[in-house]
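Here are the chains, one letter per residue:
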Amino acid sequence: MTARSRARKSRAGLPTRADAAANVLPVGCLTIASFGDAAYRPAHDLAESVRGTRVDWLRLPPAWSARSEDALGRVLHAPRGSRLALLGDGAAVGPARSLALAHGAVVDEVTVDEGDPHAYCVRCNAAHATGAAPGSLAPCPTCALDVGVYAPGSGMQAAYLALVAPS
């Protein structure tokens, strides 16, 4: 077993600071895309944990937009890097992940940290932040109905599936 295969992984699936000190680093570079101010600290901590690896960091607005798509698209076209970390609200991270996969990224190369879980209400087609775990009820702020939250979620919406609860 090599030192690389024994390396402990951080929460984001990258080598820990101790591994970095032992020169057990991923090949290539890490691109971090953080969405909004709330993702700044986790993105900063991730960048610090992989010292010795080239890190490109995109600080993007909190919501997914044409500007976000353009900035991330330019990075995905560049022939460098082997890892992509997406941090922020699930409503922005989901489309960013889809864009990365559409540009040829392999699922194992994309790490996602969505923060608070979201639920996608199939009645009103809206995704919203929820503290509800799968299997529980939560109110939908758009259609004002109680919805049941189910896992697995919608990968395209980066949210758990929420169905109107039976009366």
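Definitions and limits used
- Residues numbered from 1 in each chain as written.
- Predicted model: local features only at pLDDT ≥ 70, side-chain atom pairs only at ≥ 80, totals over all residues.
- Heavy atoms only, no water.
- Helix = DSSP H or I, 4+ residues; strand = E, 2+ residues; numbered from the N terminus.
- Buried < 20%, exposed > 50% of the residue type's maximum accessible area, 1.4 Å probe, protein only.
- Contact = heavy atoms within 4.5 Å.
- Areas by Shrake-Rupley, 256 points an atom, 1.4 Å probe, with all protein chains shown as cover.
- Expected span 1.5 Å × (residues − 1).
- Salt bridge = Lys/Arg side-chain N within 4 Å of Asp/Glu carboxyl O.
- Pairing = 2+ DSSP bridges.
- Axes fitted to C-alpha atoms, helices over the stretch in contact; angles between N-to-C directions.
- Phe/Tyr/Trp six-rings, centres within 6.5 Å; stacked < 30°, edge-to-face > 60°.

A. Examining the overall build of the protein more closely. Secondary structure assignment for the protein yields five helices and nine strands. Here the protein, with 167 residues, has 40% of them falling under the buried criterion. A fraction of 52% describes how many contacts in the protein between residues 6 or more apart in sequence connect residues 24 or more apart. Accessible surface for the protein amounts to roughly 9100 Å². Of this, 54% is attributable to carbon and sulfur atoms.

B. Spotlight on helix α4 (residues 66-77). The end-to-end C-alpha separation of α4 is 16 Å, in line with the 16 Å expected for 12 residues at 1.5 Å each. Of all the positions in α4, only Ser68, Ala71, Leu72, Gly73 and Val75 are classed as buried. Buried residues belonging to α4 abut β1 (29-35), β2 (54-60), β3 (83-87) and α5 (90-102).

C. Focus on the pattern of salt bridges. For the structure on display, the rule yields three salt bridges. The partner of Arg41 in a salt bridge is Asp45, with the nearest N and O atoms 3.3 Å apart. You can see Arg41 and its partner Asp45 sitting in helix α3 (residues 40-49), four residues apart, about one turn around the helix. When its relative accessible area of 40% is taken as the criterion, Asp45 is described as partly exposed. Linking Asp70 and Arg74 is a salt bridge whose minimum nitrogen-to-oxygen distance equals 2.4 Å. Of the two residues, Asp70 and Arg74 both sit in helix α4, four residues apart, roughly one turn of that helix. Note on Asp70: relative accessible area 45%, which makes it partly exposed.

D. How the structure looks around the sheet that holds β1. The four strands are arranged β2-β1-β3-β4 in an open sheet whose pairing can be described as parallel. Each edge of the sheet is formed by a strand with only one pairing partner; in this case those strands are β2 and β4 (110-113). Going from strand to strand, the sheet's axes swing by 15° on average, the running direction of each strand aside. Bridge analysis of β1 against β2 gives seven bridges, and the strand direction is parallel. Among the inter-strand pairings, Ala33 is bridged to a residue of β2, identified as Leu58.

E. Structural view of the environment of Val110. For Val110, the position within the fold is in strand β4. Separated by 80 residues in the primary sequence, Val110 and Leu30 place their C-alpha atoms 10.0 Å from one another. When residues no more than four places from it in sequence are discounted, the contact partners of Val110 are Leu84, Leu86, Arg97, Ala100, Leu101 and Ala105.

F. Geometry of the side chain of Ser34. Position of Ser34 relative to the elements: it lies in strand β1. Judged by relative accessible area, which is 2%, Ser34 ranks as buried.

G. Structural view of the packing of aromatic side chains. Applying the stated criterion across every chain yields a total of two aromatic pairs. Both rings, one in Phe35 and one in Trp64, keep their centres 6.1 Å apart while their planes meet at 50°; by these two values the pair is tilted. Linking Phe35 in strand β1 with Trp64 in the loop between β2 and α4, this pair joins segments that are 29 residues apart in sequence. Classification of Trp64 as partly exposed rests on a relative accessible area of 24%. A ring pair is formed by Tyr40 and Trp57, whose centres lie 5.4 Å apart and whose planes are at 25°; its orientation type is stacked. Remark: Trp57 occurs in strand β2 and Tyr40 occurs in helix α3; sequence separation between them is 17 residues.

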